[in-house]
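As a plain string of letters, each chain reads:
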Amino acid sequence: MLTYTLPYTIYEDLAKYEKAVDDFLKGRIEPEKFKGIRVPFGIYEQRKSGTYMVRIRLSGGIITPKQLYVIAELADKYGSEKLHVTTRQDIQIHDVVIENTVYISKGLIECGLSSKGGGGNTVRNIVMSVDAGINPLEPYDITPVVVGLTNDLLKEDDSFNLPRKFKITFSNTYEDSACATISDVGFIARIKEGKKGFKVYVGGGLGRKSRIAELLYDFITINEVYQVVNGVKLLFYKYGNRKNRHSARLRFLYNKLGREEFIKLFEREKEKFELKDYEALYKEERNFLNDIINLKPEEPIDEGFGEWKRNYVKEQKQKGFYTIEIPLKNGDISTEDAKKLAKFLENFGEDVIRFSINQNIHLRNIKGEYLPNVYNIIKQLDTNSDNPRIISDIIACKGADTCQLGICKPRGAVSKIYELISENIELFSALGRIQINISGCPNSCGKHLIGNLGFFGKAKRNDGYLYPAYNVLVGGKVEDGGTKFGEKIGEISAKKMPYFVIEVLKDFAESGLASFQDYLNKFGESRIREILKDFEYVPSFEEDNSFYYDWNSDELFNVNDIGPGECSASMFDLVELYLEQLVKYKKKVKEINGKDKLDLLNEMIFKSVKMLLLLKGYDAESNEQLIKLFDEHYFKTGLVSTKYENIVRLLIDNQSLTTEREDEILEFVDTVKRFYDELDESLNIVTGIDEPKEKDKVSEPEIKVFKDYRGVSCPLNFVRIKVDLAGMKSGDLLEVYLDDGDPIDNVPRSVAMEGHEIIEQKRIDNYWSVVIRKK
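Model, not experiment: these values are computed from the prediction.

1. Regarding the nonpolar core
Link 1 in the chain: Counting residues in each nonpolar core, the largest one holds 105 residues, and the members touching the most others are Phe170 and Phe198.
Link 2 in the chain: Considering each element in turn, this core owes the most residues, eleven residues, to helix α18 (residues 594-615).
Link 3 in the chain: Counting 65 residues, the second-largest nonpolar core is a separate cluster that includes Leu6, Leu68, Phe348 and Ile353.

2. A few points about the packing of aromatic side chains
Link 1 in the chain: With the rule as written, the count across this model stands at 38 aromatic pairs.
Link 2 in the chain: Where Phe455 meets Tyr470, the ring centres are 6.4 Å apart and the plane angle is 85°; that geometry is what we call edge-to-face. Of the two residues, Phe455 is situated in strand β18 (residues 453-462) and Tyr470 in strand β19 (residues 465-474); the sequence distance between them amounts to 15 residues. Considered together, Phe455 and Tyr470 belong to a single accessibility category, that of buried residues.
Link 3 in the chain: Grouped by ring-pair contacts, the aromatic residues Phe630, Tyr634, Phe635, Tyr644, Phe668 and Phe675 constitute a single cluster.
Link 4 in the chain: The ring centre of Trp551 lies 5.1 Å from the NZ or CZ of Lys495, which sits over that ring.
Link 5 in the chain: When the ring centre of Phe523 is taken as reference, the NZ or CZ atom of Arg527 above it lies at 3.9 Å.

3. What about the pairing of strand β9 (residues 195-202)?
Within a regular beta strand, the side chains point alternately toward one face of the sheet and then the other, so they alternate between its two faces.
Link 1 in the chain: Taken across its eight residues, β9 has six buried, putting it largely inside the fold.
Link 2 in the chain: In textbook terms, the turn of a hairpin is the stretch between consecutive antiparallel strands, and for strand β8 (residues 185-192) and β9 this stretch comprises two residues, one of which, Glu193, has a positive phi near 50°.
Link 3 in the chain: In terms of strand pairing, β9 meets strand β10 (residues 214-221) through five bridges, oriented antiparallel. Looking across to β10, one finds that Phe198 is bridged to Ile220.

4. Here's the deal with the pattern of salt bridges
Link 1 in the chain: Using the criterion set out here, one finds 55 salt bridges in the structure.
Link 2 in the chain: Residue Asp599 is joined to Lys595 by a salt bridge in which the shortest nitrogen-to-oxygen separation is 2.8 Å. Here the residue Asp599 and the residue Lys595 both occupy positions in helix α18, the gap between them amounting to four residues, near one helical turn.
Link 3 in the chain: By relative accessible area, Asp599 is classed as partly exposed at 40%.
Link 4 in the chain: Connected through salt bridges with shared partners, the residues Lys19, Asp22, Asp23, Lys26 and Arg28 form a single ionic network.

5. Quick look at the domain arrangement of the chain
Link 1 in the chain: One can read the domain layout of the chain as domain 1 (8-281), domain 2 (392-534), domain 3 (571-678) and domain 4 (703-774).
Link 2 in the chain: Placing a centre on the C-alpha atoms of domain 1 and another on those of domain 3 gives a separation of 37 Å.
Link 3 in the chain: Facing the nine residues of domain 1 at the interface are eleven residues of domain 3.
Link 4 in the chain: Surface buried jointly by domain 1 and domain 3 totals about 990 Å² across both partners, of which 45% is contributed by carbon and sulfur atoms.
Link 5 in the chain: By the criterion of area lost to domain 3, the three top residues of domain 1 are Glu30, Lys33 and Lys243, representing 50% of everything that side buries.
Link 6 in the chain: Where domain 1 touches domain 3, the interface holds one salt bridge.
Link 7 in the chain: Salt-bridge contacts for Glu30 lead to Lys610; the nearest nitrogen and oxygen are separated by 3.7 Å.
Link 8 in the chain: Per-element tally for the side of domain 1 that touches domain 3: the top contributor is helix α2 (residues 31-38), with five residues.
Link 9 in the chain: Taken together, the residues of the side of domain 1 that touches domain 3 sort by class into one nonpolar, one polar and seven charged.

6. Concerning helix α14 (residues 497-511)
Link 1 in the chain: For α14, with 15 residues, the first-to-last C-alpha span of 21 Å sits near the 21 Å given by 1.5 Å per residue.
Link 2 in the chain: All of the buried residues in α14 are Met497, Pro498, Phe500, Val501, Ile502, Val504, Leu505, Asp507 and Phe508.
Link 3 in the chain: At the exit of α14 stands Gly512, carrying a positive phi of roughly 75°.

7. Observations regarding the confidence of the model for the chain
Link 1 in the chain: For the chain, per-residue confidence averages 89 on the pLDDT scale, and 95% of positions sit at 70 or higher.
Link 2 in the chain: Note on residues 686-700: pLDDT under 50 across the span, and 18 contacts to partners over four residues away in sequence or across chains.

8. A look at the sheet that holds strand β24 (residues 767-773)
Link 1 in the chain: Taken together, four strands build an open sheet; the order of strands is β21-β22-β24-β23 and the sheet is mixed. This sheet does not close on itself; its edge strands, each paired only once, are β21 (703-708) and β23 (757-764). The average undirected angle you get between the axes of adjacent strands in this sheet is 20°.
Link 2 in the chain: Here strand β22 (residues 733-739) runs beside β24; their pairing, made up of seven bridges, is antiparallel. Bridge pairing in β24 links Leu733 to Arg773.

9. Here we look at the packing of helix α12 (residues 410-422) against α14
Link 1 in the chain: In the contact formed by α12 and α14, the axes pass within 9 Å of each other and the chain directions differ by 40°. As summarised for this structure, α12 and α14 are arranged oblique, according to the angle between their axes. Crossing of α12 over α14 shows right-handed handedness. Counting all contacts with α12, which are made through Ala413, Lys416, Ile417, Leu420 and Ile421, the residues of α14 involved are Met497, Pro498, Tyr499, Val501, Ile502 and Leu505.
Link 2 in the chain: In terms of residue class, the contact of α12 with α14 is made up of ten nonpolar, no polar and one charged.

What counts, and where the lines are drawn
Residues numbered from 1 in each chain as written. Predicted model: local features only at pLDDT ≥ 70, side-chain atom pairs only at ≥ 80, totals over all residues. Heavy atoms only, no water. Core = buried A, V, L, I, M, F, W, Y, C linked by side-chain atoms within 4.5 Å. Buried < 20%, exposed > 50% of the residue type's maximum accessible area, 1.4 Å probe, protein only. Helix = DSSP H or I, 4+ residues; strand = E, 2+ residues; numbered from the N terminus. Phe/Tyr/Trp six-rings, centres within 6.5 Å; stacked < 30°, edge-to-face > 60°. Lys NZ or Arg CZ within 6 Å of the ring centre and 35° of its normal. Pairing = 2+ DSSP bridges. Salt bridge = Lys/Arg side-chain N within 4 Å of Asp/Glu carboxyl O. Domains from an automatic or database assignment. Contact = heavy atoms within 4.5 Å. Buried area = accessible area lost by both parts, 1.4 Å probe. Nonpolar A, V, L, I, M, F, W, Y, C, P; charged D, E, K, R; others polar. Expected span 1.5 Å × (residues − 1). pLDDT = per-residue confidence, 0-100. Axes fitted to C-alpha atoms, helices over the stretch in contact; angles between N-to-C directions. Parallel < 35°, antiparallel > 145°, perpendicular 65-115°, else oblique. Left-handed = near helix turned anticlockwise from the far one by under 90°.

So this is what it looks like as structure tokens:
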């Protein structure tokens, strides 16, 4: 296979998403609940309210010409007629209304792609070196492992219900071109004693508390990859922080546990998984080179062919074949250009396109005699291919143009840098490699920490006026064993940032040194600090108000419309929202009277009840259902005192809801809040009012609890079983009924991963009985 295979559950996933969209549009579910459903499906709300982005998963950046054509058509019909390549090799369609995200999802499935896992607390798109399979220096082609691992992880429910996002990266050489050394789990290809394998890193990441990954193994075979990934994933699943999203990434767990305890727990979890024979993937036919091409070789249409070939064409390890980089402008390509390119590339077979983490398109498997044909087509596209090589190494996130967290608009600044470089092509044409990374805020979507020259956006004030600015970092780099974050050397206004970059590039170009690292080694950071001094002055608003507007913006700079982040959205966001609201309501209810007070008291009961049920994986569409579920899971289990039964029943007994009951209701709210506070970081229930105290006596094996979960879909059935087990003693037996299909395929496996023992699993007609012994 060339790329990943959609899981067989994808149509069920789509049906659930389509229903959620319908419910949201009809006001049947709250926006926060809908957010927890759509974001793991790769669908984010943009800065402009009511417009959405669809992020499409492309494992290793692999896409066929036909798939690219379909995506461009979908963007034409439902989006902004533009495609955006991300720094994780996905592709995004922007400016979509929510109804049309369903049609896009259906169109993607028809061409073998999906946005599932494109966002949220999931296993994100697996990143791979863009030249995997064609690099003359790589020990072997890592592509089959990346595709095989993607296929396996997409089938597993726990890949989509993690404490936070989980990033996996594969690099094919020590240069670490995919950035394995800053990933949650990173692999760098090696061969040892004739066996294919990897060096493994763990616990890295950019953003809050950025961290370079630490070495986990010096070598594992490729058959151990699945076991290692799942060991880390399960460790994260069980012990990750689900209460505080700002401290939820794997690196925080690594820091909290310490290396010794992290490794100890990881090794214990890893043993729950078997080896996967990924060696067998190399026995599949993977010759995607196309020797039969119905094209007549052309001559270049102009004399720029030679310069273009020097800048953007490389010979592959396959003799006679070439790879070509197409530098995009800010990672964008119009749908018209994408379709034109896709149609042309169909002549060269399926394995001809990759997207890179530098947000560019890379072609491969092009025979030498067809390079002029490719050049002639690229000349028809709106790209940076006519500009010096340096332009392809500039990365910028979307920033405040679309992102809710963005402060500055780096894309506008980058466009100005392009313009300034194109005005002096001769000076910059022979410039050595320099990586420039720009983020619109501290969240590192532009990977500013690993740029040779890095920037991240901030808001500054001068004479009472806000203006956009950037922190400046120097010296970041990535390589196996040598990854280093850039050092902050100062700050600069957004207005002057492009001019500062050009001055640094000029100084570098005039030095005649081959790489920016050589330049830094010779002159040190002090040289750049000196250049920065010339750009520090910020005029007053009266003197020059252009400093108070961001690039490509006609609005005075402000940060008023910065919104909450979307990427960590989950159902627990709704729990957190309810908690915040309950705190506010407690204060407000003292200040109002009459019907307003009664309405607010009723709302407080409703949200208290619903919040606790969400923690157990339950939701309900009526107050009668809420009361019934709460009775079953909290009153009867003794987790909440039955003295509050009459309070909960007020949800359907409005006549009894009077202002005289305010103190009782507030006490109930306090009890709910206390219950939540006593959960551990992984949201495991660690206490209960009437929790049995006797723990050391294990009775004869017998079924202690029976639950019928037929008709309950994944993962809610698993969540409920987890809660059931939390209220039982070690050694107790739980029998559950599960539907055939996904429930029986996934739930026993997930339960076993939690450490419990599956005693029996047997079919009864069209459903299954599963007996579980609590660990």
